[in-house]
Amino acid sequence: MTRSEEIFQKAVKLIPGGVNSPVRAFGSIGGTPRFIERADGAWMYDVDGNRYLDFVNSWGPMILGHNHPAIRESVVKACKKGLSYGAATEKEVEMAELITGIVPSVEMVRMVNSGTEAVMSAVRAARGYTRRDKIVKFTGCYHGHSDALLVQAGSGVMTAGIPDSAGVPRKCTEDTLSAVYNDLGSVKSLFSSFPEEIAAVIVEPVAANMGVVLPTPGFLEGLRDLCDQYGAVLIFDEVITGFRLGIDGAQGFYGVQADLTTFGKIIGAGMPVGAYGGRKEIMEMVSPSGPVYQAGTLSGNPVAMAAGITQLTILKEHPEIYRKLNEKGDWFFEEMKSILKECQKPYQINHVGSLGCIFFTDQPVENYGDAKTSDTAAFAKYFNYMLGKGYYFAPSQFEAIFLSDVQEKEELEKVLEDFRSYMKEQ
């Protein structure tokens, strides 16, 4: 028995399912989760001494790789001054200055502790600002585990085959309306039915929790126009895309600005942190400036701020990182496409920049319904083969592949070589 198996046997007796987040579970692909001991650069190492080229990268924030020396140094330095104060610090202001200086649509920002908290707070601010109750989200898009948004969500909910969550009262979701991603008609229909009741439309500008699904031309622009027409707030959930597709995220990449934006742990270089921000008149509704209450003892934690400031500063000062990373992503995912064609496999590769996904289906994937046609048994077989070769991908058909700046082309060529060998064997 491996050390990971021993730990997992103990874990299932103490932690629900043996893991502290469903997306870490191996239930849908078989086997035992690998318990990671350390990570450095492009690699993770488990408790049994196995080394994996990491394509999860803590679900995105390790864009510069694990254990970056400058980030580690800033964290150690901050720790020496204390771990948490529960009081205001200059680092919070420095982080706010960085974010508002980078993302044009963000005029004010509030730090929180997770992407879930950021989204929950942004929705509340939008409702307070518009004095309306209804929210439009898209089937298959995941916006954290707050009650109102666990309606036809993606990510781990898709993997588990659970359309909604137990424990969420019906009244919590009665003002949540679901539309079809990439289908403007479905959104127009909702606005026609509730022209003065919709507070906000929330969307992942690149849907990265049902695999990776790109916005079709005109979709994001259409959402912007509809929100302007009906006086609703447009919220971009950039927990995945923020500071990854480019320094100004999906908004800069696609040229569409949101009214409110949510960010995740990439602004903390992987540490527990999040943020939401946007137009000044909306953000000034938030307490103590306005009547929308939101608080957090650990918000703006000094250690997380130090890590995030270092990472964002590096990314801001070195734009070539994005150019090289996106070029590497385009090359890698297009090579995967070529291999599938060469091996006469009908599977789909969706990608943008350093984000990508292989769908085990023979039809293009543009929404949740398309993604659900994937053969999850075929994915499980593929996943276990690649894990055995030393590649750590997300243990779910419906999660993204994240590349990092420190993955070398030679390492990725070896991945492609093993990918070709697998596809030829099938």
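Residues numbered from 1 in each chain as written. Predicted model: local features only at pLDDT ≥ 70, side-chain atom pairs only at ≥ 80, totals over all residues. Heavy atoms only, no water.

Some words on helix α8 (residues 219–230)
- Compared with an ideal rise of 1.5 Å per residue, which puts twelve residues at 16 Å, α8 spans 17 Å between its outermost C-alpha atoms and is within 8% of the ideal.
- Of the positions making up α8, those classed as buried are F219, L220, G222, L223, R224, L226 and C227.
- Where α8 is buried, its residues meet β5 (134–138), α7 (184–193), β7 (198–203), β8 (233–237) and α9 (249–254).
- Positive phi shows up at G231, right after α8, with a value of about 70°. (Helix = DSSP H or I, 4+ residues; strand = E, 2+ residues; numbered from the N terminus. Expected span 1.5 Å × (residues − 1). Buried < 20%, exposed > 50% of the residue type's maximum accessible area, 1.4 Å probe, protein only. Contact = heavy atoms within 4.5 Å.)

Notes on the side chain of T310
- Tracing the backbone through its elements, the reader meets T310 in helix α11 (residues 302–317).
- The exposure class assigned to T310 is buried, which follows from its relative accessible area of 17%.
- Setting aside anything within four residues of it in sequence, one finds T310 in contact with A70, I71 and S74.

Remarks on the nonpolar core
- Ranked by size, the top nonpolar core spans 71 residues in total, and within it F55, I99, F243, I267 and Y382 carry the most contacts.
- The leading source of residues in this core is α11, at nine residues.
- Excluding anything up to four places from it in sequence, I267 contacts M95, I99, M111, F243, V273, G274, A275, A304, G308 and L312.
- Among the nonpolar cores identified, the runner-up in size contains 40 residues, and V136, A179, L234 and V365 belong to it. (Core = buried A, V, L, I, M, F, W, Y, C linked by side-chain atoms within 4.5 Å.)

Overview of the pattern of salt bridges
- Taken as a whole and judged by the stated rule, the model has twelve salt bridges.
- For R3, the salt bridge identified is with E6, shortest N-O distance 3.4 Å. Of this pair, R3 and E6 both sit in helix α1 (residues 3–14), three residues apart, which is roughly one turn of that helix.
- With a shortest N-O distance of 3.4 Å, E334 and K337 are connected by a salt bridge. Highlighted residues: E334 and K337, both in helix α12 (residues 320–342), separated by three residues, approximately one helical turn.
- Among the residues examined, E334 registers a relative accessible area of 35% and is labelled partly exposed.
- Residue K337 is classed as partly exposed on the basis of its relative accessible area of 34%.
- Among the charged side chains, a network of salt bridges with common partners joins R224, D228, D259, R279 and E281. (Salt bridge = Lys/Arg side-chain N within 4 Å of Asp/Glu carboxyl O.)

Things to note about the UniProt feature "modified residue: N6-(pyridoxal phosphate)lysine" (unreviewed entry) in the protein chain
- According to UniProt, the "modified residue: N6-(pyridoxal phosphate)lysine" (unreviewed entry) feature falls on K265.
- Take K265: it is sitting in the loop between β9 (260–263) and β10 (274–278). (UniProt positions renumbered as here; feature names shortened; annotations may be inferred.)

Some points on the pairing of strand β1 (residues 36–40)
- Bridge count between β1 and strand β2 (residues 43–46): four bridges; the pairing is antiparallel. The residue bridging D40 from the neighbouring strand is W43, located in β2.
- Joining the antiparallel neighbours β1 and β2 is a turn of two residues, in which G41 adopts a positive phi near 65°. (Pairing = 2+ DSSP bridges.)

A word on the sheet that holds β9
- One open sheet holds the seven strands; their spatial order is β4-β10-β9-β8-β7-β5-β6, and the pairing between them is mixed. Two strands bound the open sheet, and with one partner strand each, they are β4 (108–112) and β6 (176–179). When strand polarity is set aside, the average angle formed by the axes of neighbouring strands in this sheet is 20°.
- Strand direction decides the pairing type here: β9 and β10, joined by four bridges, are antiparallel. By the bridge assignment, F263 is partnered in β10 with A275.
- Packed onto the sheet, helix α4 (residues 115–130) meets β4, β5, β7, β8, β9 and β10 and runs at close to 165° relative to β9. (Axes fitted to C-alpha atoms, helices over the stretch in contact; angles between N-to-C directions.)

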